[in-house]
Amino acid sequence: MTMPRRRPGRPRRDETRPTREVVLTAATALFAERGFDAVGLREVAAAAGVDVATVAHHTGTKAALYEACFARVFAVEREVLTEAAARARAALESGPDAARRALHDLVDAFVDFLEDHPETTALWLRRWLEPQRHAELDQRYSEPLYRLVAELLTAAASAGALAEPTPHITVRSLVWATHGHVVALAAGAPGARERREFRAFVLRLLDGLYGPPGP
């Protein structure tokens with residue numbers, strides 16, 4: 001039986017992953033690089049190595065595809081932060097030092113995540129360039145994670161592990177600092193050195209806010 005030929009120049013789709021995942025990976029990279037308006041479904045199809053009908057079949061409209069990209073990165077980030085936050089909550093019962101060590105671990109997990117998934121930062125920064133558009137994405141895929149950590153800090157303060165009068169400001173500041181760090185890496189800052197220095201800075205910041213954990 002004769003197999004149909006691929007069109008010249010068309011990338012071969014990754015057959016080891018489900019088609020929808022391949023499409024979302026390609027779309028996330030394009031939206032992160034160019035933003036919503038500058039990306040078309042045909043470009044996504046070409047990058048994924050499928051036809052445009054396949055993209056529409058798996059994700060629907062461009063707006064639905066855009067949201068699916070945020071939902072995808074949110075699911076991975078939520079898993080990482082939920083596990084770290086659960087460990088930190090459990091540590092509250094062991095006293096202030098254990099709670100502060102757990103907060104160090106939580107921040108490490110967040111920084112690790114964004115360093116390993118820089119497309120997450122790029123995707124959000126592109127969206128925030130137009131804060132009035134697609135604002136519902138913040139409500140669905142950003143605010144729940146802010147709230148998760150802010151509630152943890154509130155619980156730690158209530159348990160006497162630290163003093164934190166404005167948890168929402170603290171969380172927002174740490175998040176934006178980390179996004180800025182990821183942008184610096186993408187712009188060519190010395191990778192290993194920048195990572196070490198930023199990690200040390202964040203831990204110093206936590207220790208300045210709440211005091212260093214005991215031995």
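The structure displayed is predicted, hence computed values, not measured ones. (Residues numbered from 1 in each chain as written. Predicted model: local features only at pLDDT ≥ 70, side-chain atom pairs only at ≥ 80, totals over all residues. Heavy atoms only, no water.)

Visitor: Which parts of the structure should I look at to understand the overall build of the protein chain?
Guide: Helix and strand content of the protein chain: 10 helices and 0 strands. Across its three principal axes, the protein chain shows a C-alpha extent of roughly 70 × 35 × 35 Å. Pairs at least 24 apart in sequence give 68% of the contacts found in the protein chain among residues at least 6 apart. Roughly 11,700 Å² of accessible area belongs to the protein chain as shown, and the carbon and sulfur atoms make up 56% of that amount. In the protein chain, the 28 positive side-chain charges and the 28 negative ones have mean positions that sit 7 Å from each other. (Helix = DSSP H or I, 4+ residues; strand = E, 2+ residues; numbered from the N terminus. Contact = heavy atoms within 4.5 Å. Areas by Shrake-Rupley, 256 points an atom, 1.4 Å probe, with all protein chains shown as cover. Lys, Arg positive; Asp, Glu negative; His and termini not counted. Charge placed at Lys NZ, Arg CZ, Asp CG, Glu CD.)

Visitor: Would you mind going over a nonpolar patch on the surface with me for this structure?
Guide: A contiguous nonpolar surface patch, about 230 Å² in accessible area, is contributed by Phe 201, Leu 205 and Leu 209. Secondary-structure assignment places Phe 201 in helix α10 (residues 191-210). Residue classification places Phe 201 among the partly exposed positions, given a relative accessible area of 35%. (Patch = residues over 30% accessible without salt bridge, like charges linked within 9 Å, V, L, I, M, F, W, Y side chains within 5 Å. Salt bridge = Lys/Arg side-chain N within 4 Å of Asp/Glu carboxyl O. Buried < 20%, exposed > 50% of the residue type's maximum accessible area, 1.4 Å probe, protein only.)

Visitor: Which parts of the structure should I look at to understand the pattern of salt bridges?
Guide: Any two side chains of opposite charge can pair, given that their charged atoms come close. What the rule picks out here adds up to 11 salt bridges. Where Glu 115 meets Arg 199, a salt bridge forms, and the shortest distance between an N and an O atom there is 3.4 Å. Separated by 84 residues along the polypeptide, Glu 115 in helix α5 (residues 96-116) and Arg 199 in helix α10 bring together distant segments of the chain. Each of the two residues, Glu 115 as well as Arg 199, counts as buried. Through salt bridges with shared partners, a single ionic network connects Asp 108, Asp 112, Glu 115, Arg 195 and Arg 199.

Visitor: Honestly, the packing of aromatic side chains in this entry has me stumped. Any pointers?
Guide: For the structure on display, the rule yields 9 aromatic pairs. Both rings, one in Phe 31 and one in Tyr 66, keep their centres 4.9 Å apart while their planes meet at 75 degrees; by these two values the pair is edge-to-face. With Phe 31 in helix α1 (residues 19-34) and Tyr 66 in helix α4 (residues 62-91), the pair connects residues that are 35 residues apart, well separated along the chain. You can call Tyr 66 buried: its relative accessible area is 3%. Among the aromatic residues, those joined into a ring-pair cluster are Phe 31, Phe 36, Tyr 66, Phe 70, Trp 124, Trp 128 and Trp 176. The aromatic ring of Phe 36 is capped on one face by Lys 62, whose charged end is 4.4 Å from the ring centroid. (Phe/Tyr/Trp six-rings, centres within 6.5 Å; stacked < 30°, edge-to-face > 60°. Lys NZ or Arg CZ within 6 Å of the ring centre and 35° of its normal.)

Visitor: It is not clear to me how the confidence of the model for the protein chain should be interpreted in this structure. Could you clarify?
Guide: Any segment with low pLDDT has predicted coordinates that should not be analysed in fine detail. The predicted model of the protein chain has a mean per-residue pLDDT of 91, with 93% of residues at 70 or higher. Note on residues 1-11: pLDDT is under 50 here. Beyond four places in sequence and across chains, it has 9 contacts. (pLDDT = per-residue confidence, 0-100.)

Visitor: Help me out: how do you make sense of unusual backbone geometry in this one?
Guide: In most cases, non-glycine residues show a negative phi, while peptide bonds are predominantly trans. Phi angles above zero are rare outside glycine, and His 134 is one such case at about 55 degrees. Take His 134: its relative accessible area is 18%, and that puts it in the buried class.

Visitor: I tried to follow the environment of Glu 136 on my own but got confused; where do I start?
Guide: Structurally, Glu 136 is set in helix α7 (residues 136-141). Separated by 64 residues in sequence, Glu 136 and Arg 72 place their C-alpha atoms 15 Å apart.

Visitor: Explanation requested: helix α9 (residues 167-186) in the structure shown.
Guide: Residues separated by three or four positions in an α-helix point in the same direction, a consequence of the helix having 3.6 residues per turn. Between the first and last C-alpha of α9 there are 29 Å, a value that for 20 residues agrees with the 28 Å anticipated at 1.5 Å per step. Buried residues of α9: Pro 167, Thr 170, Val 171, Leu 174, Val 175, Thr 178, His 179, His 181, Val 182 and Leu 185, and no others. Projected down its long axis, α9 carries its buried residues within an arc of 165 degrees, all on one side. Immediately beyond the C-terminal end of α9, within one or two residues, lies Gly 188, with a positive phi of roughly 110 degrees. (Expected span 1.5 Å × (residues − 1). Arc of directions from axis to C-beta.)

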